[in-house]
Amino acid sequence: MAGDAGRERAVGNATRGGLAPVGGGRGADVMNERSSDFMRIGEDRNVHRIPPRERDFMPYDRPSHFWGHAPHYYGYRVNFLPPEFRRVHYWGIDYCLYNGIYYRPYGGYYVVCRPPFGVCIDIAVSNLVFDIVRFSYYNNTYRMYKAINANNRLIDEQNRIIAQNNATIAAQNRAVALNTTRANDAYSLANRLGIVQSFAYADKEYFYQDGVFYIVNANGKYEVIVPPAGALVTSLPDDYDTITIDGVELYKVDDTVYRVTLVEGTPYLEVLGQMYGNLAKKYDYYSNGVTYNDLY
């Protein structure tokens, strides 16, 4: 990737600002919303954020492709899709795909969503502009988790490959700042909360845009991957949720869990890991009994 460094540059989130611990969100107000459209006064008299899935509907042809620079509108609702859409199935989840944009059924409607893990971008990578991801730590230790489900198996396989290549990256570790304490602390917290981690290669570049993580695979394509533990971002997409697990306040984007952490005195949002099984179902707002077959 060294020869490709010129085609990536840091960009802000493609949706509204979202959660940003450093200086607030820099994203454009893409919906031209008034503050009353995305904030409400609750019964406790505090101001509460309105998630995109509870805001006004939008037309299906408004979101940008997930690899594009224009707003993606993840989490926003769409009333209907054209009859040309097709159903696709990844890791136990049904998606509706139209014009390169993924949707999931939600409450009798559709929600614009991120692409599934493993999807590749079949366009010239020179046209893409992503953030290069910084890490709080790299973890060169492969650990097994007790519970296995569809997404966890994908994480498990990624970690196996990393473990098999530990001998290869061991020499490179000398040149990479590894923080064993941070890695072990994150693993211990994730394991206690029932969150599974996907580790990152120390010798590979990772890229990020609007809640989606990528690597450039062996075929030279950008591939959507499970967000790796320890990855740092400065803001979250607009469709994040705030959750509390075992007394720990965390932030959720799809099934990915983030926590606020300090790195060299600067606050970041760090990928802690992925929810799976019953924990994922507990916080999955798609799990409301509505399926593809209910809609058609």
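Here the structure is a predicted model, which is why all the values come from computation and not from measurement. One numbering rule holds for all chains: residues counted from 1, following each sequence as written. It should be noted that, the model being predicted, local features are given only for residues of pLDDT at least 70 and side-chain atom pairs only at 80 or more, the latter also being counted only at that level, while totals for whole chains, interfaces and linings use all residues. With hydrogens and water excluded, all non-hydrogen atoms of the structure serve as input to the side-chain values.

A word on unusual backbone geometry. Residues other than glycine seldom take positive phi values, yet Tyr73 does so here, at roughly 60°. Despite not being glycine, Asp246 shows a phi value in the positive range, around 55°. Only runs of H or I of at least four residues qualify as helices and only runs of E of at least two qualify as strands under DSSP, and these elements are numbered from the N terminus. In this structure, Asp246 sits in the loop between strand 15 (241-245) and strand 16 (248-253). For every residue, the accessible area obtained with a 1.4 Å probe (protein chains only) is divided by the maximum for its type, and the residue is called buried under 20%, exposed over 50%, and partly exposed between those limits. Owing to a relative accessible area of 55%, Asp246 belongs among the exposed residues under this scheme.

In this section: a nonpolar patch on the surface. A surface patch of nonpolar side chains, amounting to about 290 Å² of accessible area, comprises Met39, Ile41 and Val47. On the secondary structure map, Ile41 appears in strand 1 (residues 39-41). Excluding any residue in a salt bridge, patches collect residues exceeding 30% relative accessible area, merging like charges within 9 Å and nonpolar Val, Leu, Ile, Met, Phe, Trp and Tyr side chains within 5 Å. The method behind every accessible area is Shrake-Rupley, applied with a 1.4 Å probe, and residues are considered shielded solely by the protein chains displayed. Salt bridge criterion: a side-chain nitrogen from Lys or Arg within 4 Å of a carboxyl oxygen from Asp or Glu.

The subject of this paragraph is helix 2 (residues 150-164). Expected helix span is computed as 1.5 Å times (number of residues minus one). An ideal rise of 1.5 Å per residue puts 21 Å on 15 residues; helix 2 measures up with 22 Å between its terminal C-alpha atoms. Among the residues of helix 2, those classed as buried are Asn151, Asn152, Leu154, Ile155, Asp156, Asn159 and Ile162.

Attention shifts here to the packing of aromatic side chains. Any two rings among Phe, Tyr and Trp, with Trp reduced to its six-membered ring, count as a pair given centres within 6.5 Å; such a pair is stacked if its planes are under 30 degrees apart, edge-to-face if over 60, and tilted if neither. Throughout the structure, instances matching the rule amount to 18 aromatic pairs. Between the aromatic rings of Phe66 and Trp67, the centroid separation amounts to 4.9 Å while the plane-to-plane angle is 80°, which identifies the pairing as edge-to-face. Of the two residues, Phe66 and Trp67, both sit in the buried class. Judged by centre distance (6.2 Å) and plane angle (70°), the ring pair of Tyr90 and Tyr95 falls under edge-to-face. By way of ring pairs, the aromatic residues Phe66, Trp67, Tyr90, Tyr95 and Tyr102 are connected into one cluster. Only when the NZ atom of a Lys or the CZ atom of an Arg is both within 6 Å of the ring centre and within 35 degrees of the ring normal do we say a charge sits over the ring. Directly above the ring of Phe57 sits Arg77, whose terminal nitrogen or CZ lies 4.0 Å from the centroid. It is Lys204 that lies over the ring of Tyr201; its NZ or CZ is 5.9 Å from the centre.

Strand order in the open sheet made by the 5 strands is 3-7-6-5-4, with antiparallel pairing throughout. Pairing within the sheet leaves two strands with one partner each, and these edge strands are strand 3 (77-78) and strand 4 (86-90). Strands were regarded as paired on the criterion that DSSP finds at least two bridges between them. Here strand 3 pairs with strand 7 (residues 109-113) via 2 bridges, running antiparallel. Bridged to Arg77 within strand 7 is Val111.

The method works on a 1 Å grid over the protein atoms by themselves. A cavity is a set of points holding a 1.4 Å probe that cannot get out, a pocket is an open set with protein on both sides within 12 Å along at least five of seven lines, and residues with an atom within 4 Å of a point line them. Grid points are joined across faces, edges and corners, and a volume is the space filled by probe spheres set on the points. Summed over all chains, the structure comprises 2 cavities of 30 Å³ or more. There is about 50 Å³ of room inside the largest cavity. Around the largest cavity sit 11 residues that line it, and Arg143, Tyr145, Asn152, Asp156 and Val196 are the ones nearest its centre. When residues in the lining of the largest cavity are grouped by element, the largest group, 4 residues, is from helix 2. Residue composition of the lining of the largest cavity, grouped by class: 6 nonpolar, 3 polar and 2 charged. Counted as a void, the second largest cavity has a volume near 40 Å³. Along its surface, the second largest cavity is lined by Pro63, Ser64, His65, Phe66, His72, Tyr74, Gly100, Ile101, Tyr102, Val112 and Cys113. Elements with a minimum of two residues in the lining of the second largest cavity: strand 6 (101-106) and strand 7. By the convention adopted, Pro, Cys, Tyr, Trp, Phe, Met, Ile, Leu, Val and Ala count as nonpolar, Lys, Arg, Asp and Glu as charged, and the other residues, Gly among them, as polar. Class assignment of the residues belonging to the lining of the second largest cavity gives a composition of 7 nonpolar, 4 polar and no charged.

Looking at the secondary structure, you find Gln274 in strand 18 (residues 266-275). On the basis of relative accessibility, which here comes to 4%, the residue Gln274 falls in the buried class. Once the C-alpha coordinates of Gln274 and Gly194 are considered, the two residues, 80 residues apart in sequence, prove to be 8.9 Å apart. Setting aside residues no more than four positions away along its own chain, Gln274 makes contact with Phe117, Ile155, Ile195, Val196, Val226, Pro227, Asp255 and Thr256. Of the polar contacts made by the side chain of Gln274, one reaches the side chain of Thr256; its length is 2.8 Å. Any two residues having at least one pair of non-hydrogen atoms within 4.5 Å are treated as being in contact. Any pair of N or O atoms that falls within 3.5 Å is considered a polar contact. Within protein, one atom must be able to donate a hydrogen and the other to accept it, and sequence-neighbouring residues count only if both atoms are side-chain atoms.

Another point: the pairing of strand 5 (residues 93-98). Alignment of strand 4 against strand 5, held across 5 bridges, turns out to be antiparallel. Opposite Val88, over in strand 5, you have Tyr95 as the bridge partner. As consecutive antiparallel partners, strand 4 and strand 5 are separated by 2 residues, and within that stretch Trp91 has a phi angle of approximately 50°, a positive value. The sheet contact formed by strand 5 and strand 6 spans 3 bridges and is antiparallel. When the sheet's bridge partners are listed, Tyr98 is paired in strand 6 with Ile101. Here strand 5 hands over to strand 6 after 2 residues, with Asn99 in that stretch at a positive phi of 55°.

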